[in-house]
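# Remarks on the overall topology
So the chains spell out like this:
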Amino acid sequence: LSGAPLAQHRSIELSEDPSAPNFFVNGRQFSMGAPTFDTPAKVGTVEEWTITNTSGEDHPFHMHTDAFQVTAVNGIPAPYPHRQDTVIVPHAVNGTPGRVVIRQQFSDYPGLWMFHCHIAAHEDHGMMGYIQVNP
Ligand SMILES: [Cu+2]
């Protein structure tokens, strides 16, 4: 996907309030009927997503339906290109969020595409979202 034209850039921030515990995507807990983004994606396109982690623990970000390619982790370019459906988003260090950049492909299947932290307790406490993908 390295040479693919990018249809959009999106930002995803993973954060948490461990005392609750509550877990957030872009400051919100998961709610069906409230997509993470106002702007849908489109089948046949590739987007660049920047995923940051402001918390003190790693979050394995998992995307349903189609694979992505990691291009950089904490500013370091990924050593070789391949497709995957989960990537560790590193914890914050001294207030600097962990940061992963991916290229997400939308090769088929219009509908609602889920993504979430793959630690079940985090997902169950809100660290999940979805994007509308249009034909
Ligand atoms: Cu998590």
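Below is a short write-up of the structure.

Definitions and cut-offs
- Residues numbered from 1 in each chain as written.
- Predicted model: local features only at pLDDT ≥ 70, side-chain atom pairs only at ≥ 80, totals over all residues.
- Heavy atoms only, no water.
- Helix = DSSP H or I, 4+ residues; strand = E, 2+ residues; numbered from the N terminus.
- Rg over C-alpha atoms; globule rule 2.2 N^0.38 Å.
- Buried < 20%, exposed > 50% of the residue type's maximum accessible area, 1.4 Å probe, protein only.
- Contact = heavy atoms within 4.5 Å.
- Areas by Shrake-Rupley, 256 points an atom, 1.4 Å probe, with all protein chains shown as cover.
- Lys, Arg positive; Asp, Glu negative; His and termini not counted.
- Charge placed at Lys NZ, Arg CZ, Asp CG, Glu CD.
- Pairing = 2+ DSSP bridges.
- Phe/Tyr/Trp six-rings, centres within 6.5 Å; stacked < 30°, edge-to-face > 60°.
- Lys NZ or Arg CZ within 6 Å of the ring centre and 35° of its normal.
- Polar contact = N/O pair within 3.5 Å; in protein donor to acceptor, adjacent residues only side chain to side chain.

## What to know about the overall build of the chain
- Across its full length, the chain holds one helix and twelve strands.
- Counting helices and strands in the order they occur from the N terminus, the chain gives β-β-β-β-β-β-β-β-β-β-β-α-β.
- The C-alpha radius of gyration of the chain comes to 14 Å, within 12% of the 14 Å expected for a compact globule of 135 residues.
- In terms of principal-axis extent, the alpha carbons of the chain reach across some 40 × 35 × 20 Å.
- Residues counted as buried form 44% of the 135 residues belonging to the chain.
- For the chain, the share of sequence-separated contacts (at least 6 apart) that also reach a separation of at least 24 residues comes to 72%.
- Only carbon and sulfur atoms are counted for the fraction: they give 54% of the accessible area of the chain, which is about 6,700 Å².
- Positive and negative charge centroids in the chain, built from 6 and 13 side chains respectively, lie 12 Å apart.

## Details of the environment of Val100
- Examined against the element boundaries, Val100 turns out to sit in strand 10 (residues 98-106).
- Taking the relative accessible area as the measure of exposure, Val100 reaches 0% and is therefore buried.
- For the pair Val100 and Arg10, spaced 90 residues apart in the sequence, the C-alpha separation amounts to 12 Å.

## With respect to the pairing of strand 5 (residues 59-63)
- The buried fraction of strand 5 is high, at five of five residues.
- Burial along strand 5 is two-sided: the residues His59, Phe61 and Met63 and Pro60 and His62 are all buried.
- In this structure, strand 5 lies alongside strand 9 (residues 86-89), joined through four bridges in antiparallel fashion. What sits directly across from Pro60, in strand 9, is Ile88.
- In the sheet, strand 5 pairs with strand 11 (residues 111-117) via three bridges, with the strands oriented antiparallel. In the strand pairing of strand 11, Phe61 is matched with Cys117.

## Some details on the sheet that holds strand 3 (residues 41-42)
- Here we have five strands laid out as an open sheet, ordered 3-12-11-5-9, and mixed in their pairing. Every other strand in the sheet has two partners, leaving strand 3 and strand 9 as the edge strands with one partner each.
- Of the pairings in the sheet, the one linking strand 3 to strand 12 (residues 128-134) comprises two bridges and is parallel in character. Bridge assignment links Ala41 to a residue of strand 12, and that residue is Val133.

## Quick word on the pairing of strand 2 (residues 22-25)
- Here strand 1 (residues 6-17) pairs with strand 2 via four bridges, running antiparallel. If you follow Glu16 over to strand 2, its bridge partner there is Phe23.
- The antiparallel pairing of strand 1 with strand 2 creates a hairpin that spans four residues between the two strands.

## A word on the packing of aromatic side chains
- Scanning the model with the defined rule gives eight aromatic pairs in all.
- When the ring of Phe61 is compared with that of Phe115, the centres are 5.7 Å apart and the planes differ by 35°; the resulting orientation is tilted. Of this pair, Phe61 sits in strand 5 while Phe115 is found in strand 11, placing the two residues 54 residues apart along the sequence. There is no split in this pair, since Phe61 and Phe115 are both buried.
- Sitting above the plane of the Phe37 ring, Arg10 keeps its charged end 4.8 Å from the centroid.

## A closer look at the side chain of Thr45
- Secondary-structure assignment places Thr45 in strand 4 (residues 45-53).
- Among the polar contacts made by the side chain of Thr45, one reaches the main-chain carbonyl oxygen of Lys42 at a distance of 2.6 Å.
- Apart from the residues lying within four places of it in its own chain, the contact partners of Thr45 are Ala7, Gln104, Gln105 and Phe106.

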